[in-house]
Amino acid sequence: MTLALWFVLTYLLGSVPTSYWVARAFGGIDLRTFGSGNLGATNLYRAMGWKAAVPVALFDVAKGAIPVAVFAPRAGGAPWLPVALGITAVVGHVYSVFVRFKGGKGVATAAGVVIVLAPVAFLTCAALWAVVLRLSGYMSLASITAAVAFPAATAVLGPDDSYTLVVAIVLAAVIVFTHRANISRLRHGTEARLGKERAAT
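This write-up is about the structure you can find in this document. (Residues numbered from 1 in each chain as written. Predicted model: local features only at pLDDT ≥ 70, side-chain atom pairs only at ≥ 80, totals over all residues. Heavy atoms only, no water.)

**Notes on a nonpolar patch on the surface**
Taken together, the side chains of Met1, Leu5, Val8, Leu9, Leu12, Trp21, Val91, Tyr95, Val97, Phe98, Phe101 and Phe177 present a nonpolar region at the surface, about 1,100 Å² in accessible area. Broken down by element, the nonpolar patch gets its largest block of residues, four residues, from helix α1 (residues 3–15). You can see tyrosine 95 is positioned in the loop between α5 (81–94) and α6 (107–117). Look at tyrosine 95 and you get partly exposed, because its relative accessible area is 40%. (Patch = residues over 30% accessible without salt bridge, like charges linked within 9 Å, V, L, I, M, F, W, Y side chains within 5 Å. Areas by Shrake-Rupley, 256 points an atom, 1.4 Å probe, with all protein chains shown as cover. Salt bridge = Lys/Arg side-chain N within 4 Å of Asp/Glu carboxyl O. Helix = DSSP H or I, 4+ residues; strand = E, 2+ residues; numbered from the N terminus. Buried < 20%, exposed > 50% of the residue type's maximum accessible area, 1.4 Å probe, protein only.)

What follows is the structure in structure tokens.
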């Protein structure tokens, strides 16, 4: 298979709108018109609870991990390929061809990418994410904080690889960008906490 086809395959895998399909198939819900309108596991949690959201989140993580761990070695093994394929998977998740280029915010799929590329830095930022979520109740704030911290964690904890540091910076920027509406609501005090979101819907 040519290199271009590996990128197409990665984009299509990233584009699989897991939360949208699960909500439509098992809840009769169009997530694009429910809650935040976001096609990610958090909005699926608002609609259908943890039993639906957790498997979807894990699949979304796999959408980022598989291209880096499985596709890249088969696509030629160039040192930049895992990074490029990982970013492509996240772009697919955020801009899915299957739902008119809507999608999630890229957090779970980006997590799958960095689990493979920088596991120690990932675990450090995952712990930070859990602490911020526990203390604040804001999923968006936890995700933004962990994403922004990840490039620094990568620089300190490794790996000592310029490609991985580049992808850390790019993914952090993507996640901040996709959370720009959440950032505005956080600034204005109108962002709902995770538990309260579900109780209100």
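Text resumes after the structure shown.
**Brief notes about the packing of helix α3 (residues 41–48) against helix α4 (residues 50–74)**
For the pair α3 and α4, the least separation of the axes is 7 Å and the interaxial angle reads 160°. If you check the angle between α3 and α4, you find them roughly antiparallel. Of the two elements, α3 crosses α4, and the hand of that crossing is right-handed. Contacts from Ala41, Leu44, Tyr45 and Met48 of α3 reach α4 at Trp50, Ala52, Ala53, Val56 and Ala57. Looking at side-chain class alone, the contact of α3 with α4 contains nine nonpolar, no polar and no charged residues. (Axes fitted to C-alpha atoms, helices over the stretch in contact; angles between N-to-C directions. Parallel < 35°, antiparallel > 145°, perpendicular 65-115°, else oblique. Left-handed = near helix turned anticlockwise from the far one by under 90°. Contact = heavy atoms within 4.5 Å. Nonpolar A, V, L, I, M, F, W, Y, C, P; charged D, E, K, R; others polar.)

**Observations regarding the side chain of histidine 93**
With respect to the element layout, histidine 93 can be found in helix α5. Looking at histidine 93, the relative accessible area reads 7%, which means it is buried.

**Focus: the environment of glycine 158**
As for its placement among the helices and strands, glycine 158 is situated in the loop between α8 (139–157) and α9 (162–178). Judged by relative accessible area, which is 15%, glycine 158 ranks as buried. Considering only alpha carbons, one finds glycine 158 and valine 113, 45 residues apart in sequence, at a separation of 15 Å. What glycine 158 contacts, discounting residues up to four positions off in sequence, is Ala118, Ala121 and Ala153.

**Here's the deal with the pattern of salt bridges**
Counted by the stated rule, this structure contains four salt bridges. Among the ionic pairs, arginine 24 bridges to aspartate 30, the shortest N-O distance being 3.9 Å. Arginine 24 gets classed as partly exposed once you look at its relative accessible area, which sits at 42%. In this structure, the salt-bridge partner of arginine 32 is aspartate 30, at a minimum N-O distance of 3.1 Å. Since its relative accessible area comes to 29%, arginine 32 is described here as partly exposed. Each of Arg24, Asp30 and Arg32 takes part in one network of salt bridges that share partners.

**A look at the packing of aromatic side chains**
One pass over the structure, following the stated rule, counts three aromatic pairs. Taking 5.3 Å as the distance between ring centres and 45° as the angle between the ring planes, the aromatic pair formed by tryptophan 6 and phenylalanine 71 counts as tilted. You can see tryptophan 6 sitting in helix α1 and its partner phenylalanine 71 sitting in helix α4, a full 65 residues away along the chain. Considered together, tryptophan 6 and phenylalanine 71 belong to a single accessibility category, that of buried residues. Between tryptophan 21 and phenylalanine 98, the ring centres sit 5.8 Å apart and the planes meet at 55°, which makes this aromatic pair tilted. One end of the pair, tryptophan 21, is in helix α2 (residues 18–27); the other, phenylalanine 98, is in the loop between α5 and α6, with 77 residues separating them in the sequence. Judged by its relative accessible area of 41%, tryptophan 21 falls in the partly exposed class. Against the face of phenylalanine 177 rests arginine 180, its NZ or CZ located 4.0 Å from the ring centre. (Phe/Tyr/Trp six-rings, centres within 6.5 Å; stacked < 30°, edge-to-face > 60°. Lys NZ or Arg CZ within 6 Å of the ring centre and 35° of its normal.)

**Remarks on the packing of helix α7 (residues 119–136) against α8**
In the contact formed by α7 and α8, the axes pass within 8 Å of each other and the chain directions differ by 155°. One way to sum up the angle between α7 and α8 is to call them roughly antiparallel. As α7 runs across α8, the sense of the crossing is right-handed. In this structure, α7 uses Val120, Ala121, Phe122, Thr124, Cys125, Leu128, Trp129, Val132, Leu133 and Ser136 to contact α8, whose residues at the interface are Met139, Leu141, Ala142, Ser143, Thr145, Ala146, Ala149, Phe150, Ala153, Thr154 and Leu157. Looking at the contact of α7 with α8 residue by residue, the classes come out as 16 nonpolar, five polar and no charged.

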